[in-house]
Amino acid sequence: MTIVDDIESRTAPQPDEGRVIYRHRIATRVTHWTWAIALFFLLLSGLQIFNAHPELYIGKQSGFEFENSVLSMRAMQAGDGSVDGYTTVFGHSFKTTGVFGMSGPADNPSYRGFPAWATLPSYQDLSTGRVIHFFFAWFFVAAFLVWFVSSLISGHLKRDILPSIADIKALPQSFADHLRFRFHHDGRYNGLQKFAYAGVLLGVFPLIILTGLTMSPGMNAAWPWLLDIFGGRQTARTIHFLCMAALVAFFLIHIFMVVAAGPLNEMRSIVTGWYRTDGKKNKEPSA
Amino acid sequence: MSTFIVNRRKFLTLAGVAAATVPLSGCDAFDTLLSGQSPVRNFLASANSLTYRAHRMLIGNDTLVPEFAASEIRQGQRPNGSTDPTDADYLALKDTSFADYRLTVSGLVERPVSFSLDELRNMPARTQITRHDCVEGWSCIAKWTGVPLAHILDEAKVKSQARFVVFHCYDTMNLGLQGAVPYYESIDLIDARHPQTILAYGNNDKSLPVANGAPLRVRVERQLGYKMAKYIKGIELVSTLAPFGSGKGGFWEDLGYDWYGGI
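Just so it is clear, the model here is predicted, and its values are computed rather than measured.

Regarding its fold elements, chain B presents nine helices and ten strands. Residue burial in chain B is summarised as follows: out of 263 residues, 40% are buried. For chain B, contacts bridging at least 24 residues in sequence account for 68% of all contacts bridging at least 6.

Each side of the interface is counted separately: chain A has 45 residues, and chain B has 52 residues. Among the elements of the structure, α2 (26-51), α3 (126-154), α8 (217-222) and α10 (233-261) of chain A are those that each provide at least two residues to the side of chain A that touches chain B. Looking at the side of chain A that touches chain B element by element, the count peaks at nine residues for α3(A).

This next bit is on unusual backbone geometry. Residues L120(A) and P121(A) are joined by a peptide bond in cis, for which omega reads -10°. In this structure, P121(A) sits in the loop between β5 (92-95) and α3. Residue P215(B) is reached from A214(B) by a cis peptide bond, and omega for that bond is 5°. Mapped onto the fold, P215(B) is located in the loop between β8 (206-207) and β9 (217-219).

Of all hydrophobic cores here, the largest spans 53 residues; its most connected members are F167(B), L199(B) and I232(B). Among the elements that line this core, the one with the most residues is strand β5 (residues 164-174) of chain B, at six residues. Not counting chain neighbours up to four residues away, the residues in contact with I232(B) comprise L103(B), F167(B), C169(B), L199(B), L216(B), R217(B) and V218(B). Core analysis: the next-biggest nonpolar cluster, separate from the first, contains 22 residues, W35(A), L42(A), F135(A) and F140(A) among them.

Residue and element names in this part refer to chain A. Ordered by their spatial adjacency, four strands build an open sheet running β2-β3-β4-β5, and the pairing between neighbours is antiparallel. The sheet terminates laterally at β2 (55-57) and β5, the two strands that pair on one side only. For this sheet, the mean angle separating the axes of adjacent strands, direction not counted, is 25°. Two strands pair when backbone bridges link them, and β2 and strand β3 (residues 69-77) are joined in this way by three bridges, in the antiparallel orientation. In the strand pairing of β3, L56 is matched with L71. Each of β2 and β3 touches α10; the most contacted strand, β2, lies at about 120° to it.

The next point concerns the confidence of the model for chain B. Across chain B, pLDDT averages 92, with 90% of residues at or above 70. Contacts from residues 1-6 of chain B, a stretch scored under 50 in pLDDT, to residues over four places away or in other chains number four contacts.

Conventions we followed
- Residues numbered from 1 in each chain as written.
- Chains lettered and ligands numbered in written order.
- Predicted model: local features only at pLDDT ≥ 70, side-chain atom pairs only at ≥ 80, totals over all residues.
- Helix = DSSP H or I, 4+ residues; strand = E, 2+ residues; numbered from the N terminus.
- Buried ≥ 20, exposed ≤ 12 C-beta atoms within 10 Å, placed from the backbone.
- Contact = placed C-beta atoms within 7 Å.
- Core = buried A, V, L, I, M, F, W, Y, C linked by C-beta atoms within 7 Å.
- Pairing = 2+ DSSP bridges.
- Axes fitted to C-alpha atoms, helices over the stretch in contact; angles between N-to-C directions.
- pLDDT = per-residue confidence, 0-100.

Next comes the structure, spelled out in structure tokens:
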């Protein structure tokens, strides 16, 4: 705890401790839950859309008569006649039967990229996948614009999201604390948290929106520069997919940390805004 | 150190509780809500009108999509959907290399007309190297040569009530119980008059192959592939899409795809 207190005194004035503080403004909470719901549907419908052509490429077009594929998930027949699902990454194939390329009951398998439990609808239905995706995409983008403007005005962006010099200097210690499960809860974000949130909110979110727009032939007319900055429509599609994977990884860590940090207190703060900080006398680092 | 152990135990308990909820998110839970003509699906699909309006506001009516250098043509145009129609009237035309083909222009026009392939080839032509985007996700760059649809519309003199161009096609798609259903498509007059919207009779410096829609297909470069009808029999100017198919404006639209395919 002494180490933690040292960092506290170095980085900022001592905040109120062991009290209930107003941590999340209404804009933060509303956009958080809009994103949570929208991203759930965007992910599952996005995997449905991916399954319509479960292959990714680098460049302006998809190579059917030349090679520019970087990832594919397909069922293939081996020499002995047995069929398996294979995931091919940069030319290296891995047998992924049951998950990627081929999944479902052994006596009646489906040949599909992602399995039924990962897509919406569960069966193959590209048109419905697109309907769901573009409905929730509007909410996702709207929430992003609301969050960005309100965070800019309220100072949330500068105060809580963008890492300061002190945050960067304290990063090794913050990293070590996380590895030891040693969290301190004063209501403010530590360096690692700021990097994670800044990376997602100011990095992955804009990137996944812009690469999504780059795939629209209509938007290619309006904003052709999108194609230039992302290196073509098929590269944009690949980046869109990688952003998805990054958000899934962020989600898993996010939930892990919420559970580790005291899920009831964390949940209360993102629903009501009110958060209980660690008391000075309370030696237990996690409430 | 003791605090760490307590926390870890608490953490593991809660993680177990959280993990137990995961199987509840099985996606077939939503299947009924999203099937066919469910009100939920129809509501979600209304976002397409918003996208359409947003694009019409954001994208200038005559704004062109990027065109590519000849060096970007690295493969033949990948065919999809119907690739070899077997309908009798089409086969009869194909047998004579489409010598008897006539494109009819009907509906809300002052002057219903029809054109042979030679007449179309002698009209002002436009050649463009563009990227074809399939709704499935793949793209293919190819060269297309044809007559601007705007030129055909001017020849026929479109009446002011007309709002859409409907493309009637020779190819039929087999839908099981419903039997063979003719392909058709529709676009608004903004896309119909767009400079890159052409009735193409040439692909990659050759006559349009059968697999790609011979003798005539439309290129609607700011939308996806399913909007670009192949094997065009005639075009009809209309004020409403209700009388055609199931009334959604196209073969794939009747099966649940969005009418506006610019996204």
